[in-house]
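Close look at the chain arrangement
Listed below, chain by chain, are the residues.
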Amino acid sequence: MKRREFLKKGAGSTMAFALSGLIMSSSNAQAAGTVVYNISADSQVQTMIDGTTVFTWGLNDPVSPGPGHIGSGMVVTEGDTIEVNLTNNLDRNINFVVDGVLGSTPSVAPGETKTYTFTAPAAGTYMYTDSVNGYISKSMGLFGPLVVMPSDAETTLYTNGPAFDKQYTLVYSDMDGRLNEAISNGDTSYDINNYEPNYYFANGLIYPDTKKFDDTGISMAVGSHVAIRFVNASIIEYPMHFHGYHVNVIKKDRELVTDFISRDSVLVRPNTTVEVILPVEIAGAYPLHTHYVPGVTVNGVYANPHGGGLIIMVAT
Ligand SMILES: [Cu+2]
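As the structure is a computational prediction, the values presented were derived from the model and not from experiment. (Residues numbered from 1 in each chain as written. Predicted model: local features only at pLDDT ≥ 70, side-chain atom pairs only at ≥ 80, totals over all residues. Heavy atoms only, no water.)

Some remarks on the overall build of the protein
Helix and strand counts for the protein stand at three helices and 21 strands. A total of 316 residues make up the protein; the buried ones form 54% of that total. The long-range share in the protein, meaning contacts at least 24 apart out of those at least 6 apart in sequence, stands at 70%. (Helix = DSSP H or I, 4+ residues; strand = E, 2+ residues; numbered from the N terminus. Buried < 20%, exposed > 50% of the residue type's maximum accessible area, 1.4 Å probe, protein only. Contact = heavy atoms within 4.5 Å.)

Some points on the packing of aromatic side chains
For the structure shown, the criterion picks out ten aromatic pairs. Seen from their ring centres, Tyr-238 and Tyr-292 are 6.4 Å apart, and the 75° between their planes marks the pair as edge-to-face. Taken together, the residues span a long stretch of sequence, with Tyr-238 in strand S14 (residues 238-242) and Tyr-292 in the loop between strand S20 (285-290) and strand S21 (311-315) at a distance of 54 residues. Considering the side-chain rings of Tyr-245 and Tyr-286, the 5.5 Å spacing of their centres and the 90° angle between planes classify their relative orientation as edge-to-face. A residue pair is termed long-range when its members are at least 10 positions apart, and Tyr-245 in the loop between S14 and strand S15 (247-252) and Tyr-286 in strand S20 qualify at 41 residues. (Phe/Tyr/Trp six-rings, centres within 6.5 Å; stacked < 30°, edge-to-face > 60°.)

Overview of the pairing of strand S9 (residues 143-149)
Consecutive side chains of a regular strand alternate in pointing toward one face of the sheet and then the other. Most of S9 sits out of view: seven of its seven residues are buried. Relative to S9, strand S4 (residues 74-77) runs parallel, the two being bridged by four bridges. If you follow Val-76 over to S9, its bridge partner there is Val-148. Note that strand S8 (residues 124-129) and S9 share six bridges and pair antiparallel. Residue Tyr-128 lies in a different strand from S9, and its bridge partner there is Gly-144. (Pairing = 2+ DSSP bridges.)

So, the pattern of salt bridges
This model, assessed by the stated rule, comprises six salt bridges. Across the salt bridge formed by Asp-176 and Arg-178, the nearest N and O atoms sit 2.7 Å from each other. Residue classification places Arg-178 among the partly exposed residues on the basis of a relative accessible area of 45%. (Salt bridge = Lys/Arg side-chain N within 4 Å of Asp/Glu carboxyl O.)

As for the sheet that holds strand S12 (residues 218-219)
Taken together, five strands build an open sheet; the order of strands is S12-S21-S20-S14-S18 and the sheet is mixed. Since the sheet does not close on itself, it has two edges, and those belong to S12 and strand S18 (265-268), each with one partner. Across four bridges, the pairing between S14 and S18 is antiparallel. Within the sheet, the bridge partner assigned to His-241 lies in S18 and is Ser-265.

Quick word on helix H3 (residues 177-185)
Given 3.6 residues per turn, any residue in an α-helix points the same way as the ones three and four places further on. Every buried residue of H3 is accounted for by Gly-177, Leu-179, Asn-180, Ala-182 and Ile-183. For H3, the elements touching its buried residues are strand S3 (53-60), helix H2 (136-140) and strand S10 (166-175). Phi turns positive, to about 70°, at Gly-186, one or two residues after H3.

Things to note about the confidence of the model for the protein
With 89% of its residues at a pLDDT of at least 70, the protein reaches an overall mean of 89. Across residues 1-14 the pLDDT falls below 50, and counting only partners more than four positions away or on other chains, this stretch makes 27 contacts in the model. (pLDDT = per-residue confidence, 0-100.)

Focus: the sheet that holds strand S6 (residues 97-98)
As a general point, the strands of a sheet are linked pairwise by backbone hydrogen bonds and lie either parallel or antiparallel. Pairing within the open sheet is mixed, and its four strands lie in the order S4-S9-S8-S6. Edge positions in the sheet fall to S4 and S6, since each of these pairs with one other strand and no more.

Details of unusual backbone geometry
Put simply, Tyr-207 and Pro-208 share a cis peptide bond, and its omega is 10°. Looking at the element boundaries, Pro-208 is found in the loop between strand S11 (199-202) and S12. If you check the backbone angles, Asn-160 has positive phi at about 65° while not being a glycine. At Asn-271, a position not held by glycine, the phi torsion is positive, near 60°. Within the element layout of this structure, Asn-271 appears in the loop between S18 and strand S19 (273-279). For Asn-271, a relative accessible area of 34% translates into the label partly exposed.

Considerations on the side chain of Ser-137
With respect to the helices, strands and loops of the structure, Ser-137 is situated in helix H2. With sequence-adjacent residues up to four places away left out, Ser-137 is seen in contact with Trp-57, Thr-129, Asp-130 and Leu-142.

Re the environment of Gly-100
Looking at the element boundaries, Gly-100 is found in the loop between S6 and strand S7 (113-119). Given a relative accessible area of 79%, Gly-100 falls into the exposed group.

With respect to the nonpolar core
Counting residues in each nonpolar core, the largest one holds 32 residues, and the members touching the most others are Met-74, Val-76, Ile-82, Val-84, Leu-86, Phe-96 and Leu-146. Where this core is concerned, the elements lending two or more residues are strand S2 (34-47), S3, S4, strand S5 (81-88), S7, S8, S9 and H3. With four residues, the single largest contributor to this core is S2. Setting aside chain neighbours within four positions, we find Val-84 in contact with Tyr-37, Ile-39, Met-74, Phe-96, Lys-114, Thr-115, Tyr-116 and Phe-118. Ala-202, Phe-230, Met-240 and Val-314 belong to the second largest nonpolar core, which has 28 residues in total. (Core = buried A, V, L, I, M, F, W, Y, C linked by side-chain atoms within 4.5 Å.)

This is the structure in structure tokens:
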């Protein structure tokens, strides 16, 4: 990432989602402060990569967007006070919760704004969403990543944890177009138990669109270490498979993996996060994709030599 882009992306928060250790040294470590995010929950019509238009929801923060097409995202330092002003432009009540940090908060009615305040928890990878509408919220698009950096360094996953040269955040999600259509039409008969997605996303993007964003394709140097933060906003398990590389699994849902071994597939369970470090031992360009086969299809079609959907490229 070029410095100009870094500055632009970092404008609303202390750091960006894909950042290089060459830019941020530990002397940049931030003292705890208050970070304000103004987020709106909106409905929108999105054009999928196959040309289909789908009615979706999203959490949007133009000052601090998430990686790729994710409308909002937070990168903060542990101990920060985080103030979220959530404006609800949807047709029903929603709230703001952070898995493992902030639960059962009061809801905000349509047309209103509510402030949610919490303290940034221990360094790690988290997800925020709405809990009023059950799983529908995530499928419709109400989610975002929260990355908490340690207070004493910006190139480790946690204090005295493994160091990295660059880090990336990859948020996985999916949608069932039948649910989107039902919500769009005000039809309440859709049964979430029949949820069967037909679109799969990495950072809100379908491959090969994932190649269009610096923070949604992993670009690395031989000999370096790259941290990858997986966030699963789906109800489907994603076994993420690396071609060409092995990674060290460091934490699953903020819990240290003590028996970790180097592996080429990492299971990312629903509503969880996984942090890994990729030691870049060889040069190359390889896909990172889900082994859940429908996840590499687009609206039922297995396109391209290696499918479409939930794939990103990892390259030196
Ligand atoms: Cu493969």
